[in-house]
Amino acid sequence: MKRILGVFLCCVLLISALPVLAEGLFTPGVYEGTGTGFGGEMKVSVEVDQDAILSVAILSHGETAGVADPALNAIPKAIVEHQTLAIDTVAGCTMASRAVLDAARAALEGACSDMGALEKAVEERAQAFETEAKACDVIVIGAGGAGLAAATEAAKAGSSVIILEKMPAIGGNTIRAGSALNAADPERQAGIAMSDSERESIEAILAAEPRDEWMEKWQKALSEEFDAYVSAGSTYLFDSPTLHKLQTYMGGDYVGNPELIDVFGDEALAGVDFLTSYGASWQPGVTAAMGATWKRSHNPELIYGSKGMTFIKPLENFLAQADCLTLTDHKAQHLIMKDGRCVGVTGVTSEGQPFEITASQGVVIATGGFSANVEMREAYNRHWVYIGENLSTSNHPGATGDGIVMAQEAGANLTGMEWIQLTPWGSLAIPQAAIDNMLFVNKEGKRFINEDNRRDVMTKYALDQTDSQFFLIYDGNIIVDGVSQTGNKVDELVGQELATGERFYRAETLEDLCAQIGMPYEALKKTIEDYNACVDGQADEFGRSLFDKKLGVAPFYASRTAPCVHHTMGGIEINTSTEVLDTAGNAIPGLYAAGEVTGGVHGSNRLGGNAIADIFVFGRIAGQNVSAQDALGLAA
Ligand code: ADP
């Protein structure tokens, strides 16, 4: 196996120097300018010499960490690389992109004698490209959580790795994650008391009719575990990988693949430890993410700026000093198959340069789902009345199902494609509370569902409310020091109309909040009184079992929101070694897949917090297995 990254160029014709502008265009110096982004003013400095833009640096901004990063990273780089301000905005971060360009333009106005020369499109400056060829041991397609986990394991095992990422920045949907990582974790659950309703949930699972041998086996194991817990007189929150498996299988309506679920439950906690070993750290205790159904969601300490960054940054840091080359703006298009084995990838860069990369050990597809691909959504949907353009998505714009199409072209089987998850609300920029502090009310000020229900059920009910909209209500007990329980800085969001149509409100009194959101005050007041009685132990009319804090401390907050497309449960069929299976059920040599691009773990409905667990369980397995393959003697 090659230990050193074997990268070489067959026919290289890259932009080797800065595109030439007219000589003496600038007055040398460092200039500052401002623009306005989603989060307010952005300040940028631009350094020029007489003939060229040397650097663009963002000095300050108020954009949301993780979400705006693709623009903040890519646009300054592109201005310098192409010596123009005619740069395309980054999809999904349009306002942040424009803010950088406007601020750079304002800065350059004081420095440039011909601003028109700086507005020439990139194409006018592009040079002809020939195919660029590279070689390595392992290619990982997609730099989200699953891809980075696979790359980390492969690099750790000594393989040279190339990661292909089509977007200008890494992270995918994972970096946007507002959710957490589910894993049964006795240590972190020891301080949480088990409620009567949680006890009843376990009894109901034990009493359920087993659907197959797997379920029967898990129920038997759970029964023994729970008996031991009861006989020890324990009162802390019971949990185990077995309970996690059963809840995943039952929560997915028995549609999931029990073999994958078995591995998933057993390995979830190792995913937490894996991230910890690369620098992640976690809040004490665990919560239940929205739609999680049990308190086993691990919430990161926000040392990397946001939840999602915790699932990306530690691995990015490791890979930066490992035998790994990460190529952003590189879109994989086809798998190279030789004698039935996957031996590489072809694709194109965002500037139109074709590339061809060979992998002596294999290829891991980790390209995420297809929530942002309206055509694919409509083609596969069977269960929602509508799922087209009228619904927004919480996903990043790159979630277009490319890996599914590539794998299918190479003979892969697909599974569960019809199962598309809508979530009750759209943007993760909407401040959220942990599930036991969530209150949903419709425009009439009334609750309509138990907020600890499954996502699909909550969504169905939400779609039925007036205008298919509803409000999440919070107070000063839940949003502390201007930060929501999921890490959103609320001041930045008050009054902003998000692209998804969502809006966030704040008021010093409940009356004022109702006036702002057009809700009858008496109705909301009564709803909150009833809700608080449930926190005190009164049975909930909707059957909700998870409650934490009472509502009533100023200021009061409301997020107006609506359902959106959130996750695609189906995808490439894999086995427990993450090998991609063909339509006859045989593993395709050299081809692996992990993460949202695969189908089978989540069945018809993914539990909140299970996607993050999935990407680290199966991403790691993919990296371990592909790097254990004998290297082929491939020439690029
Ligand atoms: P997961 O949660 O399964 O890791 P993510 O959505 O977090 O999925 O990450 C998938 C990544 O794959 C995204 O960064 C996305 O831009 C990238 N991607 C999708 N299609 C391609 C492609 N054709 N070539 C390269 N990268 C891709």
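Residues numbered from 1 in each chain as written. Predicted model: local features only at pLDDT ≥ 70, side-chain atom pairs only at ≥ 80, totals over all residues. Heavy atoms only, no water.

Engineer: An account of the sheet that holds strand S22 (residues 598-599) is requested, with residue identities and associated values reported.
Structural biologist: Spatially, the 3 strands line up as an open sheet ordered S12-S19-S22, and their pairing is mixed. Each edge of the open sheet is held by one strand with a lone partner, namely strand S12 (414-415) and S22. Looking at chain direction, strand S19 (residues 571-573) and S22 are connected through 2 bridges and run parallel. Among the inter-strand pairings, Ile572 is bridged to a residue of S22, identified as Thr598. (Pairing = 2+ DSSP bridges. Helix = DSSP H or I, 4+ residues; strand = E, 2+ residues; numbered from the N terminus.)

Engineer: Got a sec to walk through the nonpolar core? Specific residues and values, please.
Structural biologist: In summary, soluble globular proteins display a tendency toward joint burial of nonpolar side chains. Among the nonpolar cores identified, the biggest contains 87 residues, and Leu181, Leu335, Ile572 and Phe616 are the most heavily contacted of them. At 9 residues, helix H17 (residues 610-626) tops the list of elements feeding residues into this core. In this structure, Met438, Leu493, Cys514 and Leu551 belong to the second largest nonpolar core, which totals 44 residues. (Core = buried A, V, L, I, M, F, W, Y, C linked by side-chain atoms within 4.5 Å. Buried < 20%, exposed > 50% of the residue type's maximum accessible area, 1.4 Å probe, protein only.)

Engineer: Outline the confidence of the model for the protein, listing residues and values.
Structural biologist: Predicted confidence across the protein gives a mean pLDDT of 89, with 92% of residues reaching 70 or more. pLDDT under 50 marks residues 1-18. Its contacts with residues more than four places away, or in other chains, come to 54 contacts. (pLDDT = per-residue confidence, 0-100. Contact = heavy atoms within 4.5 Å.)

Engineer: Go over the site of the ligand with me, naming the residues and quoting the values.
Structural biologist: Taken together, the neighbourhood of the ligand is formed by 27 residues, with Ala146, Glu165, Thr174, Asp402 and Glu596 sitting nearest. Gly145 places a main-chain nitrogen or oxygen 3.1 Å from an oxygen atom of the ligand. One of the backbone nitrogen or oxygen atoms of Lys166 is found 3.1 Å away from a nitrogen atom of the ligand. In isolation the ligand has 580 Å² of accessible area, and contact with the protein removes 98% of it. Broken down by secondary-structure element, the contributors of at least two residues to the shell around the ligand are helix H4 (145-156), strand S9 (330-338) and helix H13 (402-409). Its residues assigned to classes, the shell around the ligand shows 9 nonpolar, 13 polar and 5 charged. (Near = heavy atom within 4 Å. Polar contact = N/O pair within 3.5 Å; in protein donor to acceptor, adjacent residues only side chain to side chain. Areas by Shrake-Rupley, 256 points an atom, 1.4 Å probe, with all protein chains shown as cover. Nonpolar A, V, L, I, M, F, W, Y, C, P; charged D, E, K, R; others polar.)

Engineer: Could you give me a rundown of helix H2 (residues 94-109), with the residues and numbers involved?
Structural biologist: One turn of an α-helix holds 3.6 residues; hence residues three or four places apart share an orientation. Over its 16 residues, H2 runs 22 Å from end to end, which matches the ideal 22 Å to within 8%, given 1.5 Å per residue. Looking only at H2, the buried set comprises Ala96, Ser97, Ala99, Val100, Leu101, Ala103, Ala104, Ala107 and Leu108. In this fold, the buried residues of H2 make contact with strand S1 (29-37), strand S2 (40-48), strand S3 (53-60) and helix H1 (69-82). (Expected span 1.5 Å × (residues − 1).)

Engineer: So, the sheet that holds strand S17 (residues 556-561): which residues are in play, and what are the values?
Structural biologist: Sheet strands pair by backbone hydrogen bonding; their relative direction is either parallel or antiparallel. Taking strand neighbours across the sheet as the criterion, the 4 strands line up as S14-S15-S17-S16 in an open arrangement whose pairing is antiparallel. Single-partner strands in this sheet number two, and they are strand S14 (440-441) and strand S16 (503-507). Examined bridge by bridge, strand S15 (residues 470-474) and S17 share 5 bridges and lie antiparallel to one another. Residue pairing for S17: Tyr474 is matched across the bridge by Tyr557. The strands touched by helix H15 (residues 510-517) within the sheet are S15, S16 and S17, with S16 carrying the most contacts at an inclination of about 150°. (Axes fitted to C-alpha atoms, helices over the stretch in contact; angles between N-to-C directions.)

Engineer: How would you summarise a negative patch on the surface if you had to cite specific residues and measurements?
Structural biologist: Together, Glu23, Glu47, Asp49 and Asp51 line one region of the surface with negative charge. Inspection of the secondary structure puts Glu47 in strand S2. (Patch = residues over 30% accessible without salt bridge, like charges linked within 9 Å, V, L, I, M, F, W, Y side chains within 5 Å. Salt bridge = Lys/Arg side-chain N within 4 Å of Asp/Glu carboxyl O. Lys, Arg positive; Asp, Glu negative; His and termini not counted. Charge placed at Lys NZ, Arg CZ, Asp CG, Glu CD.)

Engineer: So what's going on with the pattern of salt bridges? Which residues, and what values?
Structural biologist: Applying the stated criterion to the full structure yields 21 salt bridges. Note that Arg188 is salt-bridged to Asp185, the shortest N-O span being 2.5 Å. The class for Arg188 is partly exposed, based on a relative accessible area of 25%. Linked by salt bridges that have partners in common, Arg447, Glu451, Asp540 and Arg544 make up one network.

Engineer: Explain the packing of helix H8 (residues 241-251) against helix H9 (residues 258-277) to me, and be specific about the residues and the numbers.
Structural biologist: Contact geometry of H8 with H9 gives a least axis separation of 8 Å together with a crossing angle of 140°. Relative to H9, the element H8 is oriented oblique. In terms of crossing hand, the pair formed by H8 and H9 is right-handed. For the pair H8 and H9, contact is made by Pro241, His244, Lys245, Thr248 and Tyr249 and by Pro258, Ile261, Asp262, Phe264, Gly265, Asp266 and Ala268, respectively. Of the residues assigned to the contact of H8 with H9, the class counts are 6 nonpolar, 3 polar and 3 charged. (Parallel < 35°, antiparallel > 145°, perpendicular 65-115°, else oblique. Left-handed = near helix turned anticlockwise from the far one by under 90°.)

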